[in-house]
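Geometric and topological summary
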Amino acid sequence: MTQAVRQTPRSPRGLLAVLNSDGKPHPLENTLVAVTVALGALAFISSAFKDLHLLSSWSGLAGVLTGAYGQYISATTGERFFLVIAMGAAAIGLFLGIAHGGLWGGVIG
């Protein structure tokens, strides 16, 4: 007689295992981590070019704000770790963008 095979749920591997270390899915928090990482990388990389100060300053500001909200609602240490690193990169991009011309540099005044 054939016996039923018990299906155990697969545990997440890779980055999701770090972000969802408590075993529960966190779609909003993980999305905020991804957006903050993308904005932080964009702000940090574009801050190396003086003519892209509008892009670096606005993406840095958006990265800091999304990262701050992500910190407010984060559920695991892995989420907080990535948010702090990405917020640091976004803040560097924001500060260098402001130093190169600011949020409005040349558009107003």
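Everything here concerns the structure above.
This is a predicted model, so every value here is computed, not measured. (Residues numbered from 1 in each chain as written. Predicted model: local features only at pLDDT ≥ 70, side-chain atom pairs only at ≥ 80, totals over all residues. Heavy atoms only, no water.)

1. Quick notes on helix α3 (residues 53–73)
Under the 1.5 Å per step criterion, the end-to-end length of α3 is 30 Å for 21 residues, consistent within 8% with the ideal 30 Å. For α3, the full list of buried residues reads H53, S56, S57, S59, G60, G63, G67, G70 and I73. Check the buried side of α3 and you find it contacts α2 (27–46) and α4 (77–100). (Helix = DSSP H or I, 4+ residues; strand = E, 2+ residues; numbered from the N terminus. Expected span 1.5 Å × (residues − 1). Buried < 20%, exposed > 50% of the residue type's maximum accessible area, 1.4 Å probe, protein only. Contact = heavy atoms within 4.5 Å.)

2. Remarks on α2
End to end, α2 covers 28 Å across 20 residues, agreeing with the expected 28 Å (1.5 Å per residue, within 8%). Buried within α2 are the following residues: E29, N30, L32, V33, T36, L39, G40, A43 and S46. Summarising the contacts, the buried residues of α2 are in contact with α1 (15–19), α3 and α4.

3. Some remarks on the packing of α2 against α3
Relative orientation of the contacting elements α2 and α3 amounts to 155 degrees, with a least axis distance of 8 Å. With respect to α3, the axis of α2 lies roughly antiparallel. Handedness of the α2/α3 crossing: left-handed. For the pair α2 and α3, the contacting residues are L28, E29, L32, V35, T36, L39, L42, A43 and S46 in the first and L55, S56, S59, G60, A62, G63, T66, G67, Y69, G70 and I73 in the second. (Axes fitted to C-alpha atoms, helices over the stretch in contact; angles between N-to-C directions. Parallel < 35°, antiparallel > 145°, perpendicular 65-115°, else oblique. Left-handed = near helix turned anticlockwise from the far one by under 90°.)

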